[in-house]
Number of protein chains: 2
Amino acid sequence: MELKTAIEKLNEIQKAQYALRHAMSVIYVDGDTVAPKNSWKGRGKALAYLSELDYKTTDGPEYPEILETILANRENTDEKTFRQAELMKEDYDNMHVMSMEEYVAFQELTNEADTVWHEAKEKSDYAMFAPLLEKLIDYQKRYAERKGKGEKKLYDVLLDEYEKGASMAMLDPFFQQIREDLTPLILEIAKKPAIDPPFLKNTWPIAQQRIFSEKVMRMEGIDPDCCTLGETEHPFTDGMNKWDVRITTHYHEEDALSSMFSVIHEGGHALYDMGSADDLQFTCLAGGSTMGIHESQSRFYENLICRSRAFCKPLLKVMQEVFPEQTKGVTAEELYRAINKSQPSLIRTEADELTYPLHVMIRYEIEKGMINGDLKVSELPGIWNELYKKYLGVTVPDDRHGILQDSHWSGAGFGYFPSYALGSAYGVQMLRQMEKDIDVWGIAESGDLRPITAWLADKIHRYGCLKKPQEVLLNAMGGPLDASFYTGYLKDKYEDLYGIG
Amino acid sequence: MELKTAIEKLNEIQKAQYALRHAMSVIYVDGDTVAPKNSWKGRGKALAYLSELDYKTTDGPEYPEILETILANRENTDEKTFRQAELMKEDYDNMHVMSMEEYVAFQELTNEADTVWHEAKEKSDYAMFAPLLEKLIDYQKRYAERKGKGEKKLYDVLLDEYEKGASMAMLDPFFQQIREDLTPLILEIAKKPAIDPPFLKNTWPIAQQRIFSEKVMRMEGIDPDCCTLGETEHPFTDGMNKWDVRITTHYHEEDALSSMFSVIHEGGHALYDMGSADDLQFTCLAGGSTMGIHESQSRFYENLICRSRAFCKPLLKVMQEVFPEQTKGVTAEELYRAINKSQPSLIRTEADELTYPLHVMIRYEIEKGMINGDLKVSELPGIWNELYKKYLGVTVPDDRHGILQDSHWSGAGFGYFPSYALGSAYGVQMLRQMEKDIDVWGIAESGDLRPITAWLADKIHRYGCLKKPQEVLLNAMGGPLDASFYTGYLKDKYEDLYGIG
């Protein structure tokens, strides 16, 4: 095949994939936000067909030839096209591990599992979800077996899908350091008087929270013409392209902070998607790189910036505009302490910054057992509750507050969780670099975070998937991953907060 | 081709069409409701690709053979499949009247015309729109010439597209009777004191209107698990399947009735879509039949039931729950008079029940002249204004409030308007039949309209497109169309309201 022909065909395929994936994304977002409950019946059929078409865009004998032609012609191919071919080759190899029938059946399975998980969580009925979880695990194990060709541990195959280069050999010591560095501090804090300011016990009407969300998005620098906010059980971000990103949140009347930090977190993902260069859009290079890098951005805003002492000043000002009664007389320092209080808890998404990585570690431990084959599905709730007792000292009252809390497994996302902890660690190393270039805390105190976004856009966002993840990370972090930046940051922050050391 | 093969292929095509159209519908609804403003860039790309795929489902030489094989084998084909082939043959024949090049050029023309019409309406500049209108008329006349093969009048060809069986021979006497029966009454009412209750001048906060909409949908019997409400500039209904229907409304703070009747009207369309039999779903037989029958359902709820004296009692109760201040001291009779006040006006979509069919009649008269060839495009605004003066006694101040008000012509929808009046007339005949079977007004007064929906579902909704429209109508109306039921109903209602006769 001529190189020119190969490139034309590759562009045609990406055009088709963009259209089909745009459609599937909108259908998913719609399904989770405003679609009526019973819409799953038609949605499943539409998604099954569209994903079949998506599969077919790269099916048949010609596609590998297209890729090979480009990959064999690096010197005559522009950087973007070559990188597209590289990434599409990776995807191709992943996708063709399973047959099309298996793949389509899997799409239907995850659609069903998602619906059942929602109901099972509501009813706190693990038994209802278990048979589907079993099928999802089976599928991913079969996938990992074929993909790894017996040369790699199954869980390593899955880890690498979400975070290029991640493995148990890397994550075991990473989590060990976190456990060793943070557990003594967590125990120390447990002996201190709890931070429990009365203003947190107020009621925060959802109508006001909706207004507050808009203001928070504006502070974060999100363009409302390119990103809108929906409401779902579990917050998420879905970016069709840089001009069309959707984030969601979940409001709780008794808690203004939960939704606020969800909006900021998802907003961080959105800014990443919105920051990739114009000329990468509608190709496979648009949007973010690995899950870990994605989480580094969301957790950067959520924790490093928006839970900082400096940001509490402008944040309090906006809270007092929207919730004058609930925040009357509150100081910025009280707000800072309130949003950073550390207490071992049951729910990962509501965990404080310090105990958060232990929630991730528990899931990592369970997934290791689940995928490498030791743990049975029926045993999982027991193990879950045991590990929460062991590492966080909390008693899980029911599966709704335990093993059924996260959506990831209903989507077969085994191997995803570690990227949250990796992302947090990447973020701290990026912060240390950023502090060398710009006045991070002066910017945070101004309440207009756009210069921070500009730094991240320059180092990370604009590349989309054009650069290799390790290259982007090295560029933004100034060196390879080193967990001690992360644990050092947490120790400094929490020792100060609780007057330790 | 074997019959079995043909049926299998027809099912495959419908499966593909369902998926693609489901996706396009969700993308449209999302785009009109919650998508960010700049999302059009990606949406256009996705929709263009999906509609190309949709076109291709019936492209190529095999498709006509599939249809012919089934249509030649009625005795060996089940009722549903045969009807599917019949309807798909009609679509195919319509589509292939024009060449592919002509069809594509026409799509571009309507896109351009829509954009120009929006601007022309805003600027009240008919001259700007006229050259495009001329081209649209030319295209439809050419279409009608070829389709009718010189055997039918051109406008009859177009009328039949929207309302199977409709023709000038049927509509001329229909509108004549409406004109003769209603004009004296409208003139009589003009002499009476206007109904103008002060409570209508209140402010109706949108947050409360949203709550009210939910309650109104509940009264109408809409299952919220199958139908949700969005907010758009122009209200519409889009039904993916019976379990997934979306309706929209537009809130005006100074007017609670506008959105309320939009919700009820679109809710009527939704109930029709939601009532078609389970085994018709995901095929071309799901959803509603002709435009006239669809409008008969929406206008049935909007006018015949929800503007009735009986329904005003439960309606007032719900209004007083949600808007206690705005409706303090209002009686059901005052509400009844307020929502039925009649006054000749300029805008069709805001017209009352009595004057509404005259708005339609004016458009019918103009379209007859326009398509059959007597009227020139440059003459249309003059004729429009003349007819509004003649039949409604109102002076059109500018084209924005006159000939440019509706979107239909910019989409080349000549022949559509009569279905609004036909739908209204069908509805009254259905009501008269319904009164024989169930206690309609007792049900309306109870505020739970589900038994009314059950009757309509049994006579109409469940058939979807399985039965021929005329068969469904005859079944529900107990006889052929007779405009005197409609005009009789309007005369009785409005003579009583204004104390005439």
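Parameters and conventions
- Residues numbered from 1 in each chain as written.
- Chains lettered and ligands numbered in written order.
- Predicted model: local features only at pLDDT ≥ 70, side-chain atom pairs only at ≥ 80, totals over all residues.
- Heavy atoms only, no water.
- Helix = DSSP H or I, 4+ residues; strand = E, 2+ residues; numbered from the N terminus.
- Rg over C-alpha atoms; globule rule 2.2 N^0.38 Å.
- Buried < 20%, exposed > 50% of the residue type's maximum accessible area, 1.4 Å probe, protein only.
- Contact = heavy atoms within 4.5 Å.
- Areas by Shrake-Rupley, 256 points an atom, 1.4 Å probe, with all protein chains shown as cover.
- Lys, Arg positive; Asp, Glu negative; His and termini not counted.
- Charge placed at Lys NZ, Arg CZ, Asp CG, Glu CD.
- Least-squares fit on C-alpha atoms with pLDDT ≥ 70 in both.
- Pairing = 2+ DSSP bridges.
- Axes fitted to C-alpha atoms, helices over the stretch in contact; angles between N-to-C directions.
- Buried area = accessible area lost by both parts, 1.4 Å probe.
- Salt bridge = Lys/Arg side-chain N within 4 Å of Asp/Glu carboxyl O.
- Nonpolar A, V, L, I, M, F, W, Y, C, P; charged D, E, K, R; others polar.
- Parallel < 35°, antiparallel > 145°, perpendicular 65-115°, else oblique.
- Left-handed = near helix turned anticlockwise from the far one by under 90°.
- Phe/Tyr/Trp six-rings, centres within 6.5 Å; stacked < 30°, edge-to-face > 60°.
- Lys NZ or Arg CZ within 6 Å of the ring centre and 35° of its normal.
- Expected span 1.5 Å × (residues − 1).
- Polar contact = N/O pair within 3.5 Å; in protein donor to acceptor, adjacent residues only side chain to side chain.
- Domains from an automatic or database assignment.
- Core = buried A, V, L, I, M, F, W, Y, C linked by side-chain atoms within 4.5 Å.

Our focus in this paragraph is the overall build of chain A. Scanning chain A from terminus to terminus reveals 20 helices and 3 strands. Its C-alpha atoms give chain A a radius of gyration of 23 Å, within 12% of the compact-globule value 23 Å for 501 residues. Across its three principal directions, the C-alpha atoms of chain A cover 70 × 50 × 45 Å. By residue count, 59% of the 501 residues in chain A fall in the buried class. By sequence separation, contacts in chain A at least 24 residues apart represent 74% of the contacts at least 6 residues apart. When the accessible surface of chain A is summed, it comes to about 19,900 Å², and 50% of that surface belongs to carbon and sulfur atoms. Distance between charge centres in chain A, computed from 57 positive and 82 negative side chains, equals 2 Å.

What follows covers the relation of the copies chain B and chain A. When chain B is fitted onto chain A, the two copies agree to an RMSD of 1.6 Å after a turn of 171 degrees and an axial shift of 0.9 Å. Interface overlap between copies is the fraction of interface residues in one copy that are interface residues in the other; for chain B against chain A it reaches 100%, indicating a shared surface.

We now examine the side chain of Thr 355 of chain B. Among the secondary structure elements, Thr 355 of chain B is positioned in the loop between helix H13 (332–338) and helix H14 (356–372). Sequence-distant contacts of Thr 355 of chain B, that is, excluding residues within four places in its chain, are made with Ile 186, Ser 342, Gln 343, Pro 344 and Leu 392 of chain B.

Residue and element names in this part refer to chain B. Strand order in the open sheet made by the 3 strands is S1-S3-S2, with mixed pairing throughout. In this open sheet, the two strands that pair with only one neighbour each are strand S1 (227–231) and strand S2 (237–241). Between one strand axis and the next, the sheet turns by 20 degrees as a mean value, whatever way the strands run. Looking at chain direction, S2 and strand S3 (residues 244–249) are connected through 4 bridges and run antiparallel. Across the sheet, residue Asp 238 finds its bridge partner in S3, namely Arg 246. Those strands touched by helix H10 (residues 256–275) are S1, S2 and S3, and its axis lies near 165 degrees from that of S3.

Chain B puts 35 residues into the contact, and the matching count from chain A is 35 residues. Taken over both partners, the interface formed by chain B and chain A buries close to 2,800 Å², and the fraction arising from carbon and sulfur atoms is 69%. Contact with chain A buries surface across chain B, with Pro 36, Tyr 49 and Trp 243 of chain B losing the most and accounting together for 18% of the total. Here chain B and chain A share 2 salt bridges between them. For the salt bridge of Asp 30 of chain B with Arg 246 of chain A, the shortest nitrogen-to-oxygen distance reads 2.7 Å. Within the residue set of the side of chain B that touches chain A, elements represented by two or more residues are helix H1 (3–33), helix H2 (40–56), S1 and S3 of chain B. With 9 residues, H1 of chain B is the single largest residue contributor to the side of chain B that touches chain A. For the side of chain B that touches chain A, the per-class residue count stands at 20 nonpolar, 6 polar and 9 charged.

A word on unusual backbone geometry. Residue and element names in this part refer to chain A. Within the chain, Phe 282 stands out as a residue other than glycine whose phi angle is a positive 65 degrees. With respect to the element layout, Phe 282 can be found in the loop between helix H10 (256–275) and helix H11 (291–305). Phe 282 gets classed as buried once you look at its relative accessible area, which sits at 19%.

In this section: the packing of helix H1 (residues 3–33) of chain A against helix H3 (residues 62–71) of chain A. Residue and element names in this part refer to chain A. Remark: H1 packs on H3, axes separated minimally by 9 Å, with the N-to-C direction vectors making an angle of 120 degrees. One element, H1, and the other, H3, form an angle in the oblique class. Our pair here, H1 against H3, has a crossing hand that is left-handed. The residues of H3 that touch H1, namely those facing Leu 3, Ala 6, Ile 7, Lys 9, Leu 10 and Ile 13, are Glu 62, Tyr 63, Ile 66, Leu 67, Thr 69 and Ile 70.

On to the pattern of salt bridges. Residue and element names in this part refer to chain B. Scanning all chains against the criterion turns up 73 salt bridges over all chains. A salt bridge links Arg 83 to Glu 86; the shortest N-O distance between them is 2.9 Å. Of this pair, Arg 83 and Glu 86 both sit in helix H4 (residues 79–95), 3 residues apart, roughly one helical turn. Residue classification places Glu 86 among the buried positions, given a relative accessible area of 18%. One continuous salt-bridge network, built from bridges that share partners, spans Asp 172, Arg 179, Glu 365 and Lys 368.

Bringing the packing of aromatic side chains into the picture now. According to the stated counting rule, one finds 38 aromatic pairs over all chains in the structure shown. Centroid distance Tyr 356 of chain A to Tyr 420 of chain A: 6.4 Å. Interplanar angle 85 degrees. Geometry classified as edge-to-face. Of this pair, Tyr 356 of chain A sits in helix H14 (residues 356–372) while Tyr 420 of chain A is found in helix H16 (residues 418–437), placing the two residues 64 residues apart along the sequence. On the basis of relative accessible area, Tyr 420 of chain A is assigned to the buried category, the value being 8%. The positively charged end of Arg 299 of chain B is found above the aromatic ring belonging to Tyr 356 of chain B, 3.8 Å away from the centroid.

Attention now moves to the sheet that holds strand S3 (residues 244–249) of chain A. Residue and element names in this part refer to chain A. Taken in spatial order, the 3 strands line up as S1-S3-S2 in an open sheet, and their pairing is mixed. Both outer strands of the open sheet, strand S1 (227–231) and strand S2 (237–241), are each paired with one neighbouring strand and no more. Direction aside, the axes of adjacent strands within the sheet are offset by 20 degrees on average. Sheet strands in contact with H10 are S1, S2 and S3, and its direction is about 165 degrees off that of S3.

Residue and element names in this part refer to chain B. Between helix H8 (residues 168–191) and helix H20 (residues 483–497), the least distance of the axes is 9 Å, while the angle of their chain directions is 5 degrees. Classified by the angle their axes make, H8 and H20 are roughly parallel. Contacts from Phe 174, Gln 177, Ile 178, Asp 181, Leu 182, Leu 185 and Ile 189 in H8 reach Ala 483, Ser 484, Tyr 486, Thr 487, Leu 490, Lys 491, Tyr 494 and Glu 495 in H20. Residues of the contact of H8 with H20, tallied by class, amount to 9 nonpolar, 3 polar and 3 charged.

Bringing the side chain of Thr 248 of chain B into the picture now. Along the chain, Thr 248 of chain B turns up in strand S3. Ignoring sequence-local partners within four residues, the contact set of Thr 248 of chain B consists of Thr 33, Leu 229, Gly 230, Glu 231, Thr 232, His 234, Pro 235, Phe 236 and Glu 266 of chain B.

For the rest of this paragraph, the subject is H10 of chain A. All names here are of chain A. Taking 1.5 Å per residue, 20 residues should reach 28 Å; H10 reaches 28 Å between its end C-alpha atoms and fits that length. Burial analysis of H10 places 19 of its 20 residues in the buried class, the great majority of the element. Among the residues of H10, the N-terminal cap falls to Asp 255, whose side-chain oxygen and the backbone nitrogen of Leu 257 are separated by 2.9 Å.

Further remarks concern the domain arrangement of chain A. Residues and elements named next belong to chain A. In terms of domains, chain A is made up of domain 1 (3–96) and domain 2 (168–498). Taken over C-alpha atoms, the centre of domain 1 sits 30 Å from the centre of domain 2. Listed by partner, the interface residues are 15 residues for domain 1 and 21 residues for domain 2. Both faces considered, domain 1 and domain 2 share a buried interface measuring about 1,600 Å² in area, 62% of it formed by carbon and sulfur atoms.

This part takes up the environment of Ala 412 of chain B. Residues and elements named next belong to chain B. Within the secondary structure, Ala 412 is located in the loop between helix H15 (380–392) and helix H16 (418–437). On the accessibility criterion, Ala 412 (1% relative accessible area) is buried. Distance in space between the C-alpha atoms of Ala 412 and Leu 109 is 9.5 Å, their sequence separation being 303 residues. The contact partners of Ala 412, leaving out residues within four places of it in the chain, are Phe 106, Thr 110, Leu 136, Gln 140 and Tyr 162.

Moving on to the nonpolar core. Judged by nonpolar contacts, the single largest core of 305 residues is most densely connected at Phe 414 and Ile 452 of chain A together with Phe 414 and Ile 452 of chain B. When near neighbours in sequence (up to four residues on either side) are disregarded, Phe 414 of chain B contacts Leu 133, Leu 136, Ile 137, Gln 140, Tyr 155, Leu 158, Tyr 162, Glu 367, Met 370, Ile 371 and Trp 409 of chain B.

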